[in-house]
Amino acid sequence: MPQILIPATQTAFDCPPDDTIMRAAVRHGLGFPYECNVGSCGNCKFELLEGEIEHLRKDAPGWTERDLQRKRYLGCQAKPLTDCKIKLNLRDHYKSHFVPAKTTGTLSAIEDITHDIREFRFTLAAPKPFLPGQYGLILPTDVHGARAYSMSNVTADGAEWHFQIRRVPNGACTGALFERLSVGQTVELDGPYGMAYLREDAPRDIVLLGGGSGLSPMVSLVRAAIASEKLADRQIHFFYGGRTPRDLFRETLLSVLPGYGSRLHYHPAISMPEENGGWTGKVGFVHDIAKATLGEKLRECEIYFAGPPLMAEAVMKTVVEMKIPPAQVHFDQFF
Ligand SMILES: Cc1cc2nc3c(=O)[nH]c(=O)nc-3n(C[C@H](O)[C@H](O)[C@H](O)COP(=O)(O)OP(=O)(O)OC[C@H]3O[C@@H](n4cnc5c(N)ncnc54)[C@H](O)[C@@H]3O)c2cc1C
Ligand code: FES
């Protein structure tokens with residue numbers, strides 16, 4: 001089995017032939033930087049000093065021709081063909097609370113959440129706990145590469161992972177899940193991964209911002225925050241945006257939670273009022289609605305967000321403009 005050595009810190013770990021360097025490092029409890037896990041963000045880049053690599057995703061947006069010339073590879077896509085020496089800075093921030101593992105999940109139930117978001121519930125062959133807000137990788141057999149999906153449930157033992165997944169037109173993985181996977185069938189899973197998990201020690205009210213495909217981690221976070229004794233005196237604001245009313249989930253998803261309406265506040269909004277279908281609620285983008293609702297108070301909140309790249313960009317712009325300390329803001333960029 002190839003051995004990976006980081007000479008600067010004299011750190012060495014084995015990487016099985018069917019794994020990637022970043023995932024193997026994280027499984028060994030190392031703080032190997034990463035974010036998306038699918039070749040898009042570039043956060044897991046390292047320099048190859050010695051050895052041979054196969055790069056799984058040749059068209060990875062986070063990897064350029066110049067990287068290849070300079071022998072830089074993406075850790076989440078780099079499969080070692082020989083022992084390797086690599087250069088990168090490990091950071092404690094990226095060490096996993098629950099070390100990720102590969103397992104399989106059997107689809108036990110499905111439920112429609114909106115017209116294009118469906119919840120897929122998997123029972124795991126080998127239970128694996130995760131922190132609320134984290135994601136797992138789904139690897140359907142007929143899809144090239146893994147896709148990241150955030151869990152929506154809260155679990156102590158990790159026996160079940162639930163994912164709320166938005167169908168992407170002509171999408172390879174969502175096509176496989178929505179069209180070809182039936183209850184009783186099994187897929188490969190890997191995880192948990194991700195840094196946008198609930199900070200129970202943060203002494204601040206909580207703001208959750210979600211749009212479209214970013215619903216799932218926000219649902220896990222709100223469920224966990226409401227259940228947490230440490231967070232019992234916190235106000236929780238859940239902002240969720242869609243283009244039209246049919247993009248919004250049923251309020252019962254949140255109204256069943258204790259504290260709904262007293263300390264848990266739901267702020268749905270749509271961005272296309274011309275197609276409102278009788279909508280009388282808030283109109284605009286979630287970051288603007290959050291700013292209008294909470295004003296300067298937003299700066300004193302612990303903020304979690306997830307959604308499509310344009311929404312993430314807009315939220316980050318607001319964070320910078322309002323000078324919200326980055327340590328209070330948590331997200332794993334969706335691609
Ligand atoms: C951290 C994270 C969490 C996410 N959580 C959710 C969630 O909770 N719910 C949800 O609906 N969506 C989520 N997504 C988005 C999801 O992972 C998919 O991008 C989306 O479902 C489209 O997949 P698709 O295969 O159907 O579409 P496609 O259009 O076929 O694929 C598009 C996506 O897959 C990537 N991709 C393409 N080929 C490969 C390959 N060979 N290897 C790896 N990646 C490849 C592309 O970069 C692109 O991002 C998340 C993404 C990330 C990064
Ligand atoms: S490119 Fe590897 S973690 Fe994003």
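Rules of the game
- Residue numbering note: each chain is counted from 1, following its sequence as written.
- Numbering of ligands from 1 and lettering of chains from A proceed in the order in which they are written.
- Local features in a predicted model are, by the rule used here, given only for residues with pLDDT of at least 70; side-chain atom pairs are given and counted only at 80 or more, and totals for whole chains, interfaces and linings are based on all residues.
- Only hydrogens and water are set aside; all other atoms, that is, all heavy atoms of the structure, feed into the side-chain values.
- Delimitation of the domains relies on an automatic or database domain assignment.
- For two strands to count as paired, DSSP must find a minimum of two bridges between them.
- We count a stretch as a helix when DSSP gives it H or I for four or more residues in a row; a strand needs E for two or more, and each element gets its number in order from the N terminus.
- Axes here mean lines fitted to C-alpha atoms, for a helix over just the part in contact, with angles spanning 0 to 180 degrees between N-to-C directions.
- We define proximity as follows: a residue is near a molecule or strand when any one of its heavy atoms falls within 4 Å of that partner.
- Two N or O atoms form a polar contact when they lie within 3.5 Å of each other; inside protein one atom must be a possible hydrogen donor and the other a possible acceptor, and for residues adjacent in sequence the pair counts only when both atoms belong to side chains.
- For every accessible area listed, the method is Shrake-Rupley and the probe measures 1.4 Å; residues are considered covered only by the protein chains on display.
- Basically, the charged four are Asp, Glu, Lys and Arg, the nonpolar ten are Ala, Val, Leu, Ile, Met, Phe, Trp, Tyr, Cys and Pro, and anything else, Gly included, counts as polar.
- Any two residues having at least one pair of non-hydrogen atoms within 4.5 Å are treated as being in contact.

Now for the domain arrangement of the protein chain. As far as domains go, the protein chain holds domain 1 (3-94), domain 2 (101-193) and domain 3 (206-330). Here the C-alpha centre of domain 3 lies 34 Å away from the C-alpha centre of domain 1.

Now for the sheet that holds strand β9 (residues 117-124). On the basis of which strands lie adjacent, the open sheet formed by six strands has the order β11-β10-β13-β8-β9-β12 and antiparallel pairing. Either end of the sheet is taken by a strand with one partner, and the two such strands are β11 (147-150) and β12 (160-166). Shown here is a sheet whose adjacent strand axes are inclined to one another by a mean of 40°, direction ignored. Note: strand β10 (residues 135-139) against β11, four bridges, orientation antiparallel. When the bridges of β11 are listed, Ile138 appears paired with Arg147.

Neighbouring ligand 1 are 25 residues, the closest being Arg147, Ala148, Tyr149, Arg166 and Thr174. Separating an oxygen atom of ligand 1 from a side-chain N or O atom of Ser40 is a distance of 3.4 Å. Here Ala172 contributes a backbone N or O atom positioned 2.8 Å from an oxygen atom of ligand 1. Burial of ligand 1 by the surrounding chains reaches 86%, relative to a free accessible area of 940 Å². Broken down by secondary-structure element, the contributors of at least two residues to the shell around ligand 1 are β11, β12 and α3 (172-180). When residues in the shell around ligand 1 are grouped by element, the largest group, four residues, is from β11. For the shell around ligand 1, the per-class residue count stands at twelve nonpolar, ten polar and three charged.

Further remarks concern the sheet that holds strand β17 (residues 282-283). A sheet is described by the order of its strands in space; here six strands give the open sequence β17-β16-β15-β14-β18-β19, paired in parallel fashion. Each of the sheet's edge strands pairs with one partner strand only, and the pair in question is β17 and β19 (329-330). Taken together, the two bridges between strand β18 (residues 302-306) and β19 define a ladder with parallel strand orientation. Across the sheet, residue Tyr304 finds its bridge partner in β19, namely His330. The sheet strands contacting helix α4 (residues 215-227) are β14 (206-211), β15 (236-242), β16 (264-270) and β18, and the helix crosses β15 at an angle near 165°. Seen against the sheet, helix α7 (residues 309-321) touches β14, β18 and β19 and runs at an angle of roughly 160° to β18.

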